[in-house]
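# Survey of secondary and tertiary structure
Single-letter residue listing:
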Amino acid sequence: MLNFTESMEWIEREHCFPKDLKYFHAHRFAKMFECLPKEIRNIPSIVSVGSCGKASILSFCASIFSHLGYKCVVGVKPPLNESASGNLQRYQIWHNGSVRSMSEEEFMEQFPLLQEAVNMAEEAPELGKVAPYDMRAWLLNSWAVRQKADFIFAEANIGYLADPISVLPNTILTLVGPIGTDHGQILLAPKDFHPELEDKAGPFYHKIEPLRHKKNIVFARQDPKVENLLPEGLLYGRDFSAEDIDCSMDGSTFRLKLSKKMCEVYCVDPNIFNSQKFSLNALGSFQCENASQALVGAMTVLGTHWEDMARGLQATHISGRLQKLSDKILATVASSREKLRSLLDSLEKLLGQEEKICVCATFLDRIHSLKEAVNLLSNWPKLSTLAVTNYLNDEVNRDIHPNKIASIAPQAHLFPYAPQEAESFILRRAEERSERVLFLGNGMLSYLSLNHKRPNFVCDCAL
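Conventions and cut-offs
- Residues numbered from 1 in each chain as written.
- Predicted model: local features only at pLDDT ≥ 70, side-chain atom pairs only at ≥ 80, totals over all residues.
- Heavy atoms only, no water.
- Helix = DSSP H or I, 4+ residues; strand = E, 2+ residues; numbered from the N terminus.
- Rg over C-alpha atoms; globule rule 2.2 N^0.38 Å.
- Buried < 20%, exposed > 50% of the residue type's maximum accessible area, 1.4 Å probe, protein only.
- Contact = heavy atoms within 4.5 Å.
- Areas by Shrake-Rupley, 256 points an atom, 1.4 Å probe, with all protein chains shown as cover.
- Salt bridge = Lys/Arg side-chain N within 4 Å of Asp/Glu carboxyl O.
- 1 Å grid on protein atoms, 1.4 Å probe; cavity = no way out; pocket = protein on both sides within 12 Å on 5 of 7 lines; lining within 4 Å.
- Points joined across faces, edges and corners; volume = space filled by probe spheres on them.
- Nonpolar A, V, L, I, M, F, W, Y, C, P; charged D, E, K, R; others polar.
- Pairing = 2+ DSSP bridges.
- Polar contact = N/O pair within 3.5 Å; in protein donor to acceptor, adjacent residues only side chain to side chain.
- Axes fitted to C-alpha atoms, helices over the stretch in contact; angles between N-to-C directions.
- Parallel < 35°, antiparallel > 145°, perpendicular 65-115°, else oblique.
- Left-handed = near helix turned anticlockwise from the far one by under 90°.
- Phe/Tyr/Trp six-rings, centres within 6.5 Å; stacked < 30°, edge-to-face > 60°.
- Expected span 1.5 Å × (residues − 1).

## What about the overall build of the protein?
In terms of regular secondary structure, the protein is built from 15 helices and 17 strands. Computed over C-alpha atoms, the radius of gyration of the protein comes to 21 Å, within 12% of the 23 Å expected from 2.2 N^0.38 for 463 residues, which places it in the range of a compact globule. Taken along its principal axes, the extent of the C-alpha atoms in the protein is 60 × 60 × 50 Å. Of all 463 residues assigned to the protein, the portion counted as buried reaches 59%. Considering only contacts within the protein whose residues lie at least 6 apart along the sequence, 74% involve residues at least 24 apart. Surface accessibility of the protein: about 19,100 Å² in total, with carbon and sulfur atoms responsible for 48%.

Here you go:
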């Protein structure tokens, strides 16, 4: 009989992402779903899809529901610390403003049932081996039934079309972030599918096309080419937007602007409503956009409860998304081209006019358009010093070797397989120059979390 650590490793280490793209589909999870209690069909789900902002948008929305008294089971991915106990952070309960992760005991109660579901799915060899993301989704839904949850909040693993969340039978709200180029080597479109979308055609096909029959879709700001092809739904910049954005290192504020039509549909007096200011602990103007999208989504399902909704937004802390660890230290996982662009734009406004910043970064090897992402950072006028290292090294998350960055960013200081040395170097350099530090990338933040180098690092999405 496996103990807790062995059981978690059975999911996260002994199984892997499909190596053959023909096995990248949701059919295995559909088989596993049959093993869940029938009550799962009565629990409504709220899902997030897109290339960036998914976790933030979902967290803001779940926090609103939690502060309105609803018991929400929330799927968080990836945890910053992917140890056996750290992986329990993938499964959380948010209720009345409090947050807790699944316990080891709760995990072990469900594990034998999970193995039964896996065995049943693998009785059909044509479906391929069950992947970790299939099992994580099954555990989240199983736990939701056991906890008698009011709502399930789940983020797409990759895409939507081939993702477990596409199987959920009672999705009542879909929050769609910007569509970019991430996972372009996996998310392939049929031949001649909207060639005008270029390298966004595959992600669009997987993330947007399957939503055409869905109701209650709320879209973030989109590329004009993408916007022209969207199905019916509420769109940032047309139906709603975050206005009068004010950001500092202490947080952000904004006003939610609704179109005239939306004010009429939701019975909102624009003269009264437009005077309301929403505050966030989260940093950056992009988080104001994410929060406005979550707010509109919550309003679509629950109606207008502005005071509780405002409290939910302000209480949200989003692990790894531009966190302030101290007055001089920032951290974020964002390292893809689209995420970096939003991040750097926000930091331009948060930093002083003459201020520069030292960056210590890791880059996942699966990042699409890696060269463009690194170029964005290395040519950023605010960049003082760049250190690049690597930490993660498994089938799902692997940091690119720093030497492969050298030709793109020749000024970078390289620390292969030495994140501790990279951290020490960048902190020392920042202190010498009286500058701030930004720790960047999944690997870098995973290292910081696991090694407890930053005692005030937020490892849970605590409210």
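## Observations regarding the pattern of salt bridges
Where charged atoms of side chains with opposite charge meet at close range, the side chains can pair. This model, assessed by the stated rule, comprises 15 salt bridges. Two residues, Arg 238 and Asp 239, come together in a salt bridge whose shortest N-O distance is 2.9 Å. Across the pair Asp 244 and Arg 255 runs a salt bridge whose closest N-O atoms are separated by 3.3 Å. With Asp 244 in strand S9 (residues 240–248) and Arg 255 in strand S10 (residues 251–258), this residue pair connects regions lying eleven residues apart in the sequence.

## Examining empty space enclosed by the protein
Unfilled space is identified by rolling a water-sized probe across the atoms. This model, assessed by the stated rule, comprises four cavities of 30 Å³ or more. One number sums up the size of the largest cavity: a volume of about 260 Å³. Lining the largest cavity are 18 residues, with Lys 77, Arg 136, Ala 137, Leu 140 and Glu 155 sitting closest to its centre. Among the elements of the structure, helix H5 (132–146) and strand S5 (151–155) are those that each provide at least two residues to the lining of the largest cavity. Taken together, the residues that form the lining of the largest cavity break down as ten nonpolar, three polar and five charged.

## Some remarks on the pairing of S5
Taken across its five residues, S5 has five buried, putting it largely inside the fold. Of the two faces of S5, the one holding Phe 151, Phe 153 and Glu 155 and the one holding Ile 152 and Ala 154 are both buried throughout. When strand S1 (residues 45–49) meets S5, the two strands line up parallel, connected through four bridges. Paired with Ser 48 across the bridge in S5 is Glu 155. One ladder, built from three bridges, connects strand S2 (residues 72–75) with S5; its direction is parallel. Along S5, the bridge assignment pairs Val 74 with Phe 153.

## Focus on the side chain of Thr 389
Structurally, Thr 389 can be placed in strand S15 (residues 383–389). Here Phe 415 takes part through its backbone oxygen, which lies 2.6 Å from a polar atom of the side chain of Thr 389. Those residues in contact with Thr 389 that sit more than four places away from it in its chain are Ala 361, Thr 362, Ile 400, Pro 402, Phe 415, Tyr 417, Ala 418, Pro 419, Ala 422 and Met 444.

## Digging into the environment of Ala 144
As for its position among the elements, Ala 144 is in helix H5. As for Ala 144 and Ala 201, which are separated by 57 residues in sequence, their C-alpha atoms are 35 Å apart. If sequence neighbours within four positions are ignored, Ala 144 has contacts with Ile 43, Val 73, Ala 149 and Ile 152.

## Observations regarding the packing of helix H3 (residues 54–67) against helix H10 (residues 285–302)
Contact geometry of H3 with H10 gives a least axis separation of 8 Å together with a crossing angle of 45 degrees. In terms of their interaxial angle, H3 and H10 are classed as oblique. H10 is crossed by H3, and the crossing has right-handed handedness. Across the interface between the two elements, Ser 56, Ile 57, Phe 60, Cys 61, Ile 64 and Phe 65 of H3 pack against Gln 287, Asn 290, Ala 291, Gln 293, Ala 294, Leu 295, Ala 298, Val 301 and Leu 302 of H10.

## Quick notes on the packing of helix H14 (residues 419–433) against helix H15 (residues 442–450)
The N-to-C vectors of H14 and H15 enclose an angle of 90 degrees; their axes lie 11 Å apart at closest approach. It follows that H14 is roughly perpendicular to H15 by the angle criterion. Facing H14, whose interface residues are Pro 419, Gln 420 and Glu 423, H15 presents Met 444, Tyr 447 and Leu 448. Each residue belonging to the contact of H14 with H15 can be placed in one class, and the counts come to four nonpolar, one polar and one charged.

## Points about the packing of aromatic side chains
What the rule picks out here adds up to 17 aromatic pairs. Ring centres of Phe 65 and Phe 153 lie 5.3 Å apart, and the angle between their planes is 75 degrees; this geometry places the pair in the edge-to-face category. With a gap of 88 residues between them, Phe 65 in helix H3 and Phe 153 in strand S5 connect regions that are remote in the sequence. You'll find Phe 65 and Phe 153 in the same group, each marked buried. On the numbers, 5.5 Å between centres and 90 degrees between planes, the contact of Tyr 236 with Phe 240 is edge-to-face. Since its relative accessible area comes to 7%, Tyr 236 is described here as buried.

## Things to note about H5
Under the 1.5 Å per step criterion, the end-to-end length of H5 is 21 Å for 15 residues, consistent within 8% with the ideal 21 Å. Following H5 by one or two positions, Lys 148 has its phi on the positive side, about 50 degrees.

## Structural notes on H14
For H14, built from 15 residues, the straight-helix expectation of 21 Å at 1.5 Å per residue is met to within 8% by its first-to-last C-alpha distance of 21 Å. On the buried face of H14, the contacting elements are strand S14 (357–361), S15, strand S16 (413–415), strand S17 (436–440) and H15. Once H14 ends, the next one or two residues include Ser 434, with phi positive near 55 degrees.

## Points about unusual backbone geometry
Glycine aside, a negative phi is what most residues show, and trans is what most peptide bonds show. Although it is not a glycine, Asn 96 adopts a positive phi angle of roughly 55 degrees. Structurally, the position occupied by Asn 96 is in the loop between strand S3 (91–95) and strand S4 (98–101). For Asn 96, a relative accessible area of 54% gives the class exposed.

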